[in-house]
Amino acid sequence: MDASSYKVDGENDNCGATLAAVNLNVLPDEILEFIFTYLPPYGDLEHCSLVCKRWHAIVKNLVRRSKHNLEKGLIDFRLRWEVFSQQTVNGGAGAPLSFIAGRFAHSAVRQDNSMYVFGGGSSSDTTFNDLWRFDLTHMRWARPVATGTYPSPKGSASMVAWRDQLILFGGWRYPSLHPPYQPWCLFDELHYYDLGKNRWLLRSSLSSPPPMAGHSATVHGDRMVVFGGYQIKDDFNVNSNDTWVLDLPEQRWWQPLFVGNTRPSPRYGQIQVELGKNHLLIVGGCGGANRVYTDAWLLDMTRDVWSWKSIAVRNKRFGAVHMWCNPGCKVNNYLVVVGPSPNMPQDFQMMKQSRVPVVGGRGPPPPNPLQNVPPRGYRIPVPDRRLGGGLGGPGQNRGGNIRPGVGGAAAALGPQEQYLANRRAILNQHMQQAQQFLHNSNVNNNNNNYQPRSGRLSDLHAPPAPAAAASPPSPPVRPNAPPSPADGDVDAAQRLQRNLALRCRDNEPRLPKRFDELYEDPFRMAAFNVPTRSRSASRDHNERIRRMEEKMNAIRNSRRSAPAAAQVEPQPLRAPSPKRLRCNVQSLFVCDISGILDSSEPALEWVEYKNFGVLKGAPDRLILSSLIAGNGELILFGGVHKETLTDITHHVSNSIHFLSVPRDII
């Protein structure tokens, strides 16, 4: 019995293997190509191409099609984000694998089927000097055990791949709030990393660039071209627009000669793209506070004397902003930049302040609270404070003689007495305005456009001048008159009058402030500059709510009293509306750079984005991350939340996000 069962099982296994082999061989090329799309487009796909000629042709066609689909997806914004993080790896079975720490301002480059990441800033104001390798085939992190002279811990260094080596140059580190208290400095170190031997080599030459960080570098044949960067010259922080060239085989630095003085402005953090062996493109960068560039420059290296040329930028409204802290890379004929959503306010953007009325409504314009203030140069006639304690009238000198037209007492006042006199005059003026407001509210009951005072603190110390025109006479108001019960705004106006008296002490910071005063500050944030309802508006709002409650209760009672046959069946709930577009995520910006070298008038053009460039599964907004091009996909790694840069502990990321084309169903 057991033997027969074993025999049957063995026959079933052989039949299954035979059927699997037959089914795999009879599949058409389209089905095989679709199956291969589920393999990582790196080592496994290369191994499949070595099986037979048919599979080699299928894999070759798949690679060509994946590149074409990626370009088409960039134009149509038909892509998707996929995340690979430590949480997704540890969520599966098996022992936890080694994983890279979160970092920002690091250096990343792809070589063959691996992505290498060096250095960067940590979450606690320190920098790394470790080198990590991410296997794109098996999706695993590994830290090579390297020998030789290690680089210093730093970030914002440039790292490029050349042959079977990595070239690392420059960088910076800042002082730490925790041990070992590293000093803030820039580096001019040049390191070669041998991928075959896992060995660091430090190279030095007599003529080398100054210490720098935030520069850009690309490889053109056997030379590395470095542009811009942040430097320190003569104890001053400066930005550079110099160009340095490194002869990679000979390990020698030199500076080229240029035609004329046309060159980009000094900057750092720009995006540098290689356009063949003799051309490169510079886009964006930052030249300091409020100097964020969105221009483009082309460097021509075909002759012995190089030349810079400014490139026209089209469709700037669809272009990326802040291309100094957001990454970018080249995908064939397109420049891809990942940055903040365009509908969010950007850094270094000045918000226009607008004066919002306290309460909406139409009516006469609000009174100008400073229209009755005497002009500068006029001194208010106040009693003279004599040394003997007597008080003299205006125009009376110390000897008792009166000189008409001359305010001798006002001229003899000191700064403190003049300040008290000005404050007393301004207080009286505001009290008169409050009384005028009370009179208008009782007569016309129209106070929707009333604006509190918005004066300057310098008016308290400035010598006033005589009034240009007499103010309209104020109506008689009883000082101790009780508030009218017909209008609840009288009580609010009286409280406003008391607040005005207290706010006249703005120049004295030790005195408390009142929070219930509607003070119009022209420099406050527009987000908090919202209208405030008066009590009359609040009463109307409460009345509307009461009527709505009565109507709902009447409908509810009518349904309860209706017979069961007459009751209408409840309608099914509608599907919820789609979730509102997330704004604090990374958006995609695509620029067409195919017309730079092929036309007489070189220009680059930003592609019109869809849905504000936000794609499905977009990661949260991060800055100082890295973006590199893979095989038919883009790879985004690391970064830091900008809002946490001022905190002691930063919120950094160690996740990898893949941007690829959705798989089509046959």
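Note that the structure is predicted; figures quoted are calculated from it, not measured. (Residues numbered from 1 in each chain as written. Predicted model: local features only at pLDDT ≥ 70, side-chain atom pairs only at ≥ 80, totals over all residues. Heavy atoms only, no water.)

Undergrad: Explain the overall build of the chain residue by residue, including any values.
TA: Broken down by element type, the chain carries nine helices and 33 strands. Buried residues in the chain amount to 40% of all 666 residues. Long-range contacts, defined here as pairs at least 24 residues apart, represent 63% of the contacts in the chain between residues at least 6 apart. Carbon and sulfur atoms make up 54% of the accessible area of the chain, which amounts to about 38400 Å² in all. (Helix = DSSP H or I, 4+ residues; strand = E, 2+ residues; numbered from the N terminus. Buried < 20%, exposed > 50% of the residue type's maximum accessible area, 1.4 Å probe, protein only. Contact = heavy atoms within 4.5 Å. Areas by Shrake-Rupley, 256 points an atom, 1.4 Å probe, with all protein chains shown as cover.)

Undergrad: Kindly report on unusual backbone geometry, identifying the contributing residues and their values.
TA: Positive phi, normally seen in glycine, also occurs at Gln-251, with a value near 55°. Take Gln-251: it is sitting in the loop between strand E18 (243–247) and strand E19 (252–254). Classification of Gln-251 by relative accessible area gives partly exposed; the value is 25%. Phi at Asn-290 is positive, roughly 60°, even though this residue is not glycine. With respect to the element layout, Asn-290 can be found in the loop between strand E22 (279–283) and strand E23 (296–300).

Undergrad: Can you tell me about helix H2 (residues 29–36), naming the residues and giving the values?
TA: Of the residues making up H2, those classed as buried are Leu-32, Glu-33 and Phe-36. The arc that holds the buried residues of H2, viewed along the axis, is 100°, so those residues lie on one side. (Arc of directions from axis to C-beta.)

Undergrad: Before we move on, could you go through the pairing of strand E15 (residues 223–227) and cite the residues and values that matter?
TA: Of all five residues that make up E15, five are buried, and the element is covered over most of its length. Going residue by residue along E15, you find Arg-223, Val-225 and Phe-227 tucked away on one face and Met-224 and Val-226 tucked away on the opposite face as well. Bridge count between strand E14 (residues 216–220) and E15: five bridges; the pairing is antiparallel. Across the sheet, Thr-218 pairs through a bridge with Val-225, a residue of E15. Hairpin geometry of E14 and E15 is characterised by an intervening segment of two residues between the two adjacent antiparallel strands and by a positive phi of about 70° at Gly-221. Examined bridge by bridge, E15 and E18 share five bridges and lie antiparallel to one another. Among the inter-strand pairings, Arg-223 is bridged to a residue of E18, identified as Asp-247. (Pairing = 2+ DSSP bridges.)

Undergrad: Please give an account of the side chain of Ser-240 that cites residues and values.
TA: By secondary structure assignment, the location of Ser-240 is in the loop between strand E17 (236–239) and E18. Among the residues examined, Ser-240 registers a relative accessible area of 4% and is labelled buried. Here the side chain of Ser-240 touches Asp-242 through a polar contact of 3.0 Å, landing on its backbone nitrogen. Sequence-distant contacts of Ser-240, defined by excluding residues within four places in its chain, comprise Gly-228, Gly-229, Gln-231, Pro-266 and Arg-267. (Polar contact = N/O pair within 3.5 Å; in protein donor to acceptor, adjacent residues only side chain to side chain.)

Undergrad: Before we move on, could you go through the sheet that holds strand E11 (residues 190–194) and cite the residues and values that matter?
TA: Spatially, E6-E12-E11-E8-E7 is the arrangement adopted by the five strands of the open sheet, whose pairing is mixed. The open sheet has two edge strands with one neighbour each: strand E6 (147–148) and strand E7 (158–162). Direction of pairing for E7 relative to strand E8 (residues 165–169): antiparallel, over a ladder of five bridges. Note that in E8 the partner of Ser-158 across the bridge is Phe-169.

Undergrad: Now, about the nonpolar core: what can you tell me, with residues and values included?
TA: Leu-281, Leu-588, Leu-604 and Trp-606 are the most contacted members of the largest nonpolar core, which totals 43 residues. In terms of residues, this core owes the most to one element, strand E26 (residues 334–340), which gives five residues. Those residues in contact with Leu-604, other than ones at most four positions away along the chain, are Leu-281, Val-283, Ala-296, Ile-311, Ala-312, Val-313, Arg-314, Cys-591, Asp-592, Ile-593 and Ile-596. Phe-99, Met-115, Val-117 and Leu-136 belong to the second-largest nonpolar core, a separate cluster that totals 16 residues. (Core = buried A, V, L, I, M, F, W, Y, C linked by side-chain atoms within 4.5 Å.)

Undergrad: Lay out the pairing of E11 in plain terms, naming residues and giving numbers.
TA: Taken across its five residues, E11 has five buried, putting it largely inside the fold. Judged from the five bridges that link them, E11 and strand E12 (residues 199–203) form a sheet pairing that is antiparallel. Across the sheet, Asp-194 pairs through a bridge with Arg-199, a residue of E12. Linkage of E11 to E12, two consecutive antiparallel strands, is achieved through a turn of four residues, within which Asn-198 is found at a positive phi near 55°.

Undergrad: With reference to specific residues and values, describe the packing of aromatic side chains.
TA: With the rule as written, the count across this model stands at 21 aromatic pairs. Judged by centre distance (6.3 Å) and plane angle (85°), the ring pair of Trp-132 and Trp-141 falls under edge-to-face. Pair check on accessibility: Trp-132 and Trp-141 agree, each one buried. When the ring of Tyr-193 is compared with that of Trp-200, the centres are 4.7 Å apart and the planes differ by 50°; the resulting orientation is tilted. With relative accessibility at 2%, the residue Trp-200 sits in the buried group. Within the aromatic cluster, the residues linked to one another by ring pairs are Phe-84, Phe-99, Trp-132, Phe-134, Trp-141 and Phe-637. Over the face of the ring belonging to Phe-128 we find Arg-103, whose NZ or CZ atom lies 4.2 Å from the ring centre. (Phe/Tyr/Trp six-rings, centres within 6.5 Å; stacked < 30°, edge-to-face > 60°. Lys NZ or Arg CZ within 6 Å of the ring centre and 35° of its normal.)

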